[in-house]
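One-letter residues, chain by chain:
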Amino acid sequence: MPKSSCSQAPPTSPSGGQPRALAALRLSNVTSATTSPDRQRATIQLCANQLDFALIGEASDLGVSARKTSPFERPSLASWLRRPQEYSAAVWSHVDRAVRSVAHMAELVTWGRQQDRTLIFGASEDHRHLVVPPHANGAIIRRCMDLAHTAEQETRTISKRLTESHEALRAAGRYGGGLVPFGYRKAPHPSGSGWCLTPDPETTIVVRTIMEEVHSGLSLIAIARKLNEAGALVPRDRHAQLQGRPLGGRRHGRDFERFRWTSGTLSKVLRSPSLMGHRVHQGQTVRDATGAPVLIGPPLLTEDEFRILQAVLLARSNGTRRERRTTSALLTGVAHCAGCEGRMYFAVRKGYPYGDYGCRATARGDVCPAPASVRSDWLEEYVVSRTGKQSQRKQR
């Protein structure tokens, strides 16, 4: 939740007449046939016209779930919410385009009150706009919460139905949506009903190349570096490409034009039974009533090839896993490398009560020009002492 700031006078339009408003759009799933954004824009424009606001900008978050992200976590909207001085109201076509939880609605209403800004939601169940001024009365707040609760319940119902539907599709060997396993692409089911998976010619070659390099003794980090240099798409980006969506996105607070291969991504691909054409759920093969694997597509690797590959990966990992630290790493997500600005992570020092915070650029598929490393106890003690001094100054 953003920090509160002093209230500011509502801005006016360049002409000095109508007050300014921000149009806010959101959609969980985007396809080539999607018309929802245009319908949302039309409803928002109607609201603005009827309430005498001039729309001065648009926060468009398409392909973003309201169940998983609050308004303050969405790329486009969050940027606008940090600049409330540019408008006096934010307009959504409906409550569920803004939030799908009571908690997120409470955050949004609090923001409006702190920033002295109005929230506007398009036609609700009684076909009237819901206007929430900065100092809304109890009745308006209750109505907001009731609509948010209804949206939250709808989300739970939809989620339950999707779960049940996907369970049935898994049992039938049909593709029910989600990230397509690397090496495959979506195709019509032979029965004429629904979808299945078929080998993707472009990424099948990549899978075979990766497997050959593993058997040649090349490390996963080295293979990831070669794939990045060759411009090979990671599973997430290839899936987006096949769906006609932009590559890349946001991860760990950073925006990427396209994602990079890492040893972790490679490990997930190579260890997945989907390489044998198996239907996989939560990393495990889905089996029918007789115990046989449910197939969702032709195998990329035979069972023997997959078994030998797993043996090679297991042999490499034996003895390399370190014991987990008994106490939490205080500065994970806080300490960053000066060389690449990436996060530094804690690593155990065998035989010592302390460890190190080090740059993990190679694990992300990057090359750091000056990787940093520092003893964990030194860095944590320094940060804690500095925090304590700053706290004492504030108290004075």
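Above this text sits the structure in question.
Residues numbered from 1 in each chain as written. Predicted model: local features only at pLDDT ≥ 70, side-chain atom pairs only at ≥ 80, totals over all residues. Heavy atoms only, no water.

With that settled, the discussion passes to the overall build of the protein chain. Secondary structure assignment for the protein chain yields eleven helices and 14 strands. Taken across its 396 residues, the protein chain has 39% of its residues classed as buried. Of the contacts made within the protein chain by residues no fewer than 6 positions apart, 57% connect residues no fewer than 24 positions apart. In the form shown here, the protein chain has an accessible surface area of approximately 22600 Å², with 52% of it arising from carbon and sulfur atoms. (Helix = DSSP H or I, 4+ residues; strand = E, 2+ residues; numbered from the N terminus. Buried < 20%, exposed > 50% of the residue type's maximum accessible area, 1.4 Å probe, protein only. Contact = heavy atoms within 4.5 Å. Areas by Shrake-Rupley, 256 points an atom, 1.4 Å probe, with all protein chains shown as cover.)

A few words on the nonpolar core. Counting residues in each nonpolar core, the largest one holds 28 residues, and the members touching the most others are Ile-210, Val-214, Leu-227, Trp-261 and Leu-266. Going through the elements one at a time, α6 (201–215), α7 (220–230), α9 (263–271) and α10 (303–317) are the ones with two or more residues in this core. Element by element, the count of residues in this core is highest for α6, at five residues. Contacts of Leu-266, omitting those with residues within four sequence positions, involve Ile-210, Leu-220, Ile-223, Ala-224, Leu-227 and Trp-261. (Core = buried A, V, L, I, M, F, W, Y, C linked by side-chain atoms within 4.5 Å.)

A word on the packing of α6 against α7. Orientation of α6 relative to α7, taken along the N-to-C sense of each, is 145 degrees, at an axis distance of 10 Å. Between α6 and α7 lies a crossing of right-handed hand. Counting all contacts with α6, which are made through Val-206, Ile-210, Glu-213 and Val-214, the residues of α7 involved are Leu-220, Ile-223, Lys-226 and Leu-227. Partitioned by chemical class, the residues of the contact of α6 with α7 number six nonpolar, no polar and two charged. (Axes fitted to C-alpha atoms, helices over the stretch in contact; angles between N-to-C directions. Left-handed = near helix turned anticlockwise from the far one by under 90°. Nonpolar A, V, L, I, M, F, W, Y, C, P; charged D, E, K, R; others polar.)

Strand order in the open sheet made by the three strands is β12-β13-β14, with antiparallel pairing throughout. Both outer strands of the open sheet, β12 (344–348) and β14 (373–375), are each paired with one neighbouring strand and no more. Averaged over all adjacent pairs, the angle separating strand axes in this sheet is 25 degrees, with direction ignored. (Pairing = 2+ DSSP bridges.)

Counting across every chain of the model gives zero disulfides. Left unpaired, Cys-368 is separated from the closest cysteine sulfur, that of Cys-337, by 3.7 Å. (Disulfide = S-S within 2.5 Å.)

Compared with the 21 Å implied by 1.5 Å per residue over 15 residues, the 21 Å span of α10 between its first and last C-alpha is a close match. Restricting attention to buried positions, one finds in α10 the residues Phe-306, Leu-309, Gln-310, Leu-313 and Ser-317. Down the axis of α10, the buried set is contained in an arc of 100 degrees. They therefore lie on one face. Opposite the buried face of α10, by more than 90 degrees, sit the exposed residues Arg-307 and Ala-315. Contact partners of the buried residues in α10: α6 and α9. (Expected span 1.5 Å × (residues − 1). Arc of directions from axis to C-beta.)

Strands pair in a sheet through their backbones, by hydrogen bonds, and they do so in one of two ways: parallel or antiparallel. As summarised here, the arrangement of the five strands in space is β2-β1-β3-β4-β5, forming an open sheet in which the pairing is mixed. Each edge of the sheet is formed by a strand with only one pairing partner; in this case those strands are β2 (54–62) and β5 (130–132). Across the sheet, the mean angle from the axis of one strand to that of its neighbour is 20 degrees, orientation sign disregarded. Pairing of strand β1 (residues 20–27) with β2, which is carried by eight bridges, proceeds in the parallel orientation. Within β2, the position partnered with Arg-26 by the bridge is Asp-61. Sitting on the sheet, helix α1 (residues 36–51) is in contact with β1, β2, β3 (89–92), β4 (118–121) and β5, with an inclination near 155 degrees to β1. Sheet strands touched by helix α4 (residues 102–115): β3 and β4. Its angle to β4, the strand with the most contacts, is close to 135 degrees.

What follows covers a positive patch on the surface. A cluster of like positive charges, contributed by Arg-236, Arg-245, Arg-251 and Lys-268, occupies part of the molecular surface. In this structure, Arg-251 sits in strand β8 (residues 249–251). (Patch = residues over 30% accessible without salt bridge, like charges linked within 9 Å, V, L, I, M, F, W, Y side chains within 5 Å. Salt bridge = Lys/Arg side-chain N within 4 Å of Asp/Glu carboxyl O. Lys, Arg positive; Asp, Glu negative; His and termini not counted. Charge placed at Lys NZ, Arg CZ, Asp CG, Glu CD.)

Here we come to unusual backbone geometry. Most peptide bonds take the trans configuration, and most residues that are not glycine carry a negative phi. The residue Asp-52 is not glycine, and still its phi comes out positive at about 65 degrees. The residue Asp-52 is located in the loop between α1 and β2 in this model.

Before going further, it helps to spend a moment on the pattern of salt bridges. Under the counting rule described, the total for this entry stands at twelve salt bridges. Note that Arg-307 is salt-bridged to Asp-304, the shortest N-O span being 3.4 Å. Taken together, the positions of Arg-307 and Asp-304, both in helix α10 and three residues apart, correspond to about one turn of that helix. When salt bridges that share partners are traced, they join Arg-185, Asp-200, Glu-202 and Arg-238 into one network.

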